[in-house]
Amino acid sequence: MNDRQVRIFDTTLRDGEQCPGASMSAREKLEVARQLAVLGVDVIEAGFPVISQGDFDAVHAIAREVRGPVIAGLARCVPKDIDAAAAAVRPAGRRGRIHVFLATSKIHREFKLGKARREILRLAVEGVRRARDAVADVEFSPEDASRTEPDFLLQVCRAVVGAGATTVNIPDTVGYATPDEFGELIGYLHDNVPQFAAGDAIVSVHCHDDLGLAVANSLAAVRRGARQVECTINGIGERAGNAALEEIVMALRTRSDSFGHLTTGIRTRHLLKTSRLVSRLSGLAVQRNKAIVGENAFAHSSGIHQDGILKKRETYEIIDPREVGWGQTELPLTKHSGRHAVQARLKHLGFHLSDRDLDAIFARFKEIGDKKKFVYDDDLAALVEGRLDAVPQTWTLDYLGFSGGSRAIPTATVRLVRRSGEGGGGAETPLQEAGTGDGPVHAALRAIDRIVGLQGELLEYGLRAVSQGTDALGEVAIKVRFDGDHVVAGRASSTDIVEASALAYLNAVNRYLYTRTAVRSSAARDRAGRRSEP
Ligand code: KIV
Ligand code: ZN
C-alpha cells in the first residue's frame, strides 16, 4: 500500500454494534464481514472478544472464514483482554491485529482510572508489548485523545510506537473536536513522532458524531497526515454514531482535488448493497435523506431540478448514482424461477449460504412466489434474514386465523409447535389457544403468550413494506420486554402483516428462551467451578 492510499478500517461490527438497538447474531456478523471484504475495506474490527463468548465466537469465525482484509479484535490494556483478542484473531494468521486501548485524558485518568500519567504510560507500553508477543500487527488507541493534553498525547504516541505499535489511532471518543482543531492535533502528532513522519507507523483517526462533525473531523485529519480512518457503514455506532464510511469514501473520491488526490481501496459500486445489508441485519433503518445511501440521496422532486438532470446530469448531481450502486436493480424473480436463479441472485446480494439454508430459503421463496407476482431482491433478503438467526426455533407457527372489523371484537386463534431437545430439533407438540385484543395483532400476541407461558411487553413495533406493489412483503421489527428487564428484538416478514407480527413476536420469544437457557447454564457452570475451587 502506498502513502497516497487511506486505509479504511471498518468498525461496524464492534463500535457499530454498540449502537443502542443494534443486535446481530454471529451468523449475521459473518455475512456482514463477508460483504465488507467484497466492498474492499482494509481492516474489519470484528468485535471485542473478552466481552462475551458470543463476541469471541463471532471474531474467531470471521478470522477463520473471511479472506482479504486484516481482522482486528479489541482489547483493554489488560492481559486477559489481550490474550482473548489474540486467540480470537489467530485463525487470520498474519492478517490478525490486536487493537489495544487505554484512556489518556485528564478527566478519564482522574475519575475513571485513578491513575497518574506515569502509570498510564507504563500500562500502555506493557499492553502493546504483550500484544506484540502474540501478533505482528498492533494498534493502540489513547481513548479520549482529543481531550488529552497534547504534550502527554505525544509522549504516549512515542512510547507505544517504540514498544511496537504499528498503528496509533487517535479517537475523538465523545465527539467533542472541531475540524480545525482536530486537524491541527493530527498534524502535530504526525510531524513530531519520527516513525509517523517516516511512514513506519500509521496515524489513524476514529471520530464520533455527537456534534455531527465525525466525517468533517476525519477528513481534516486526513489532510494533516492520517492514513487510516475508522468508520462504520451508515454511520451507526455508540450514541450519535461514528463517521460514516460511505461519506468518507465518496468525499475523498468526489473531491479528490481537495484531498491531495488520495485514494481508498473501496469498490464503491458495493456501497448501497452493503448499507442495505447492515441496515437489515442490525435492525437500524437508514434515514431517507442520508447522504449516498438514503432513499432520497439521488431523488429529485423539484421540476427545475428534474429538467436540469434530463438536460445534463451534472447540473444537479455531483455523483453518478451508479457509482455507489444505485440503478443496478435486476429483473425480479417469479414463482417460475429455479433454484439456480435464486442461488445466483442471493450471491449477487452478498449472501453465502450452505445447501441446507438454500433449500429452506428456496422452499419459502416458492411459498411467497405463489402469493406474489414478483419476488424482488429485498423480499429475498428478508427471507434470508430469518434464516441467519442462529437461535433454535423452540416455537414455530403452525396455524394462524383471525377475525375483526369495525364492530366485531378482534379475535385470533394460534397453533404453535414446540420442538424440544438441543437446538429445538426433538419431538414436536402442537398447542392451540385463542385470544382477543385491541386489534388482530394484539389478539394473536395474547394467544401466543398463553401458549408459551410468557407475558411479553411490546416496547416498539415497526412495519415497513419490503419491496414494491400492493402484494409487497411486510416486515415487522419489534422490541419486547420479558420477565421485567430482558429486552429482546424480533423480526419477520410475510405477505400478511398479522402473520408477520406473530412471526416477529415468536422470533423474540425464541431469542429470549435461548438467551435465558444460555445464561442459566453459564451460571450453573460458574457455581460448579466455584464449588470445585480449592
Ligand atoms: O471511541 C473510542 O474511543 C473507541 C476506542 C475503543 C477506539 O471506540
Ligand atoms: Zn468509538
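What you see is a predicted model, and the numbers here were worked out from it, not measured in a lab.

**Quick notes on the coordination of the zinc ion (ligand 2)**
Step number 1: Distances from the zinc ion (ligand 2) to its protein donors, Asp-15 (OD), His-206 (NE2) and His-208 (NE2), fall within 2.0 to 2.1 Å.
Step number 2: Donor residues for the zinc ion (ligand 2) sit on one chain with the sequence pattern D-x190-H-x1-H. One end of the pair, Asp-15, is in the loop between β1 (7-10) and α1 (26-39); the other, His-206, is in strand β7 (residues 202-207), and 191 residues separate them in sequence.
Step number 3: Residue classification places His-206 among the buried residues on the basis of a relative accessible area of 5%.

**So, the packing of aromatic side chains**
Step number 1: Summed over the entire model, instances satisfying the criterion amount to six aromatic pairs.
Step number 2: Between Phe-362 and Phe-365 the ring centres are 5.9 Å apart and the planes differ by 15°, which places this aromatic pair in the stacked class. Pair noted here: Phe-362 and Phe-365 are both in helix α14 (residues 355-371), with a separation of three residues, about one helical turn. Residue Phe-362 shares its accessibility class with Phe-365, and that shared class is buried.
Step number 3: Relative to Tyr-505, the ring of Phe-482 has its centre 6.3 Å away and its plane inclined at 55°; by these criteria the two rings are tilted. Residue Phe-482 is located in strand β13 (residues 474-482), and its partner Tyr-505 is located in helix α17 (residues 497-531); the two are separated by 23 residues in the primary sequence. Of the two residues examined, Phe-482 and Tyr-505, each falls in the buried class.

**Points about the confidence of the model for the protein**
Step number 1: In the predicted model, the protein carries a mean pLDDT of 89, and the fraction of residues at 70 or more is 92%.
Step number 2: Segment residues 530-534 is flagged for pLDDT under 50; beyond a separation of four residues in sequence, or across chains, it makes zero contacts in the model.

**Considerations on the nonpolar core**
Here is a general trend for soluble globular proteins: nonpolar side chains tend to be buried in one another's company.
Step number 1: Residues Ile-44, Ile-98, Phe-140, Ile-170, Phe-182, Leu-245 and Leu-380 are the most contacted members of the largest nonpolar core, which totals 114 residues.
Step number 2: In this structure, Ile-98 is in contact with Gly-73, Ala-75, Ile-82, Ala-85, Ala-86, Ala-131, Ala-134, Val-135, Asp-137, Val-138 and Glu-139, ignoring residues within four places of it in sequence.
Step number 3: By size, the runner-up hydrophobic cluster in this structure holds 29 residues, among which are Ala-444, Ile-478, Val-488 and Tyr-505.

**Structural notes on the pairing of strand β4 (residues 96-103)**
Side-chain direction in a regular strand flips from residue to residue, so the side chains alternate between the two faces of the sheet.
Step number 1: In terms of burial, β4 is largely enclosed, as eight of its eight residues are buried.
Step number 2: Judged by which residues are buried, β4 turns out to be covered on both faces: Gly-96, Ile-98, Val-100 and Leu-102 on one side and Arg-97, His-99, Phe-101 and Ala-103 on the other are all buried.
Step number 3: By the bridge criterion, six bridges tie strand β3 (residues 70-76) to β4 in an arrangement that is parallel. Residue Ala-75 lies in a different strand from β4, and its bridge partner there is Val-100.
Step number 4: Read as a crossover between parallel neighbours, the route from β3 over helix α3 (residues 79-89) to β4 is right-handed.
Step number 5: Both β4 and strand β5 (residues 137-143) contribute to a ladder of seven bridges, which runs parallel. Note that in β5 the partner of Phe-101 across the bridge is Ser-141.

**Side note on the sheet that holds strand β11 (residues 428-436)**
Step number 1: Pairing within the open sheet is antiparallel, and its three strands lie in the order β9-β10-β11. Strands with a single pairing partner mark the edges of an open sheet, and in this sheet they are β9 (395-403) and β11. Adjacent strand axes in the sheet meet at a mean angle of 15° when their direction is disregarded.
Step number 2: Bridge count for strand β10 (residues 411-419) against β11 is nine bridges, and the pairing is antiparallel.

**Some words on the sheet that holds strand β6 (residues 167-172)**
Step number 1: Reading around the barrel, the eight strands line up as β1-β2-β3-β4-β5-β6-β7-β8 and close back on themselves, with parallel pairing between neighbours. Across the sheet, the mean angle separating the axes of adjacent strands is 25° when strand polarity is ignored.
Step number 2: By the bridge criterion, six bridges tie β6 to β7 in an arrangement that is parallel. Within the sheet, the bridge partner assigned to Pro-171 lies in β7 and is His-206.

**Brief notes about helix α16 (residues 440-452)**
It helps to recall that an α-helix has 3.6 residues per turn; residues three or four apart then point in one direction.
Step number 1: Here α16 is 13 residues long and its end C-alpha atoms lie 18 Å apart, about the 18 Å a rise of 1.5 Å per residue gives.
Step number 2: Residues of α16 that are buried: Ala-443, Ala-444, Leu-445, Ala-447, Ile-448, Asp-449, Ile-451 and Val-452.
Step number 3: Remark: Gly-453 follows α16 within two positions and exhibits a positive phi of approximately 75°.

**Observations regarding the pattern of salt bridges**
Step number 1: Applying the stated criterion across every chain yields a total of 36 salt bridges.
Step number 2: Across the pair Asp-137 and Arg-97 runs a salt bridge whose closest N-O atoms are separated by 3.0 Å. A residue pair is termed long-range when its members are at least 10 positions apart, and Asp-137 in strand β5 and Arg-97 in strand β4 qualify at 40 residues.
Step number 3: With its nearest N and O atoms 3.4 Å apart, the salt bridge here joins Glu-475 to Arg-280. Of this pair, Glu-475 sits in strand β13 while Arg-280 sits in helix α11 (residues 271-282); the two residues are 195 residues apart in sequence, bridging distant segments of the chain. Each member of the pair, Glu-475 as well as Arg-280, carries the same accessibility label: buried.
Step number 4: Through salt bridges with shared partners, a single ionic network connects Glu-31, Arg-34, Arg-64 and Glu-65.

Analysis parameters
- Residues numbered from 1 in each chain as written.
- Chains lettered and ligands numbered in written order.
- Predicted model: local features only at pLDDT ≥ 70, side-chain atom pairs only at ≥ 80, totals over all residues.
- Heavy atoms only, no water.
- Donors = N, O, S within 2.8 Å, 3.2 Å for Na, K, Ca; no water.
- Helix = DSSP H or I, 4+ residues; strand = E, 2+ residues; numbered from the N terminus.
- Buried < 20%, exposed > 50% of the residue type's maximum accessible area, 1.4 Å probe, protein only.
- Phe/Tyr/Trp six-rings, centres within 6.5 Å; stacked < 30°, edge-to-face > 60°.
- pLDDT = per-residue confidence, 0-100.
- Contact = heavy atoms within 4.5 Å.
- Core = buried A, V, L, I, M, F, W, Y, C linked by side-chain atoms within 4.5 Å.
- Pairing = 2+ DSSP bridges.
- Right-handed = clockwise from strand over helix to strand, strands pointing away.
- Axes fitted to C-alpha atoms, helices over the stretch in contact; angles between N-to-C directions.
- Expected span 1.5 Å × (residues − 1).
- Salt bridge = Lys/Arg side-chain N within 4 Å of Asp/Glu carboxyl O.

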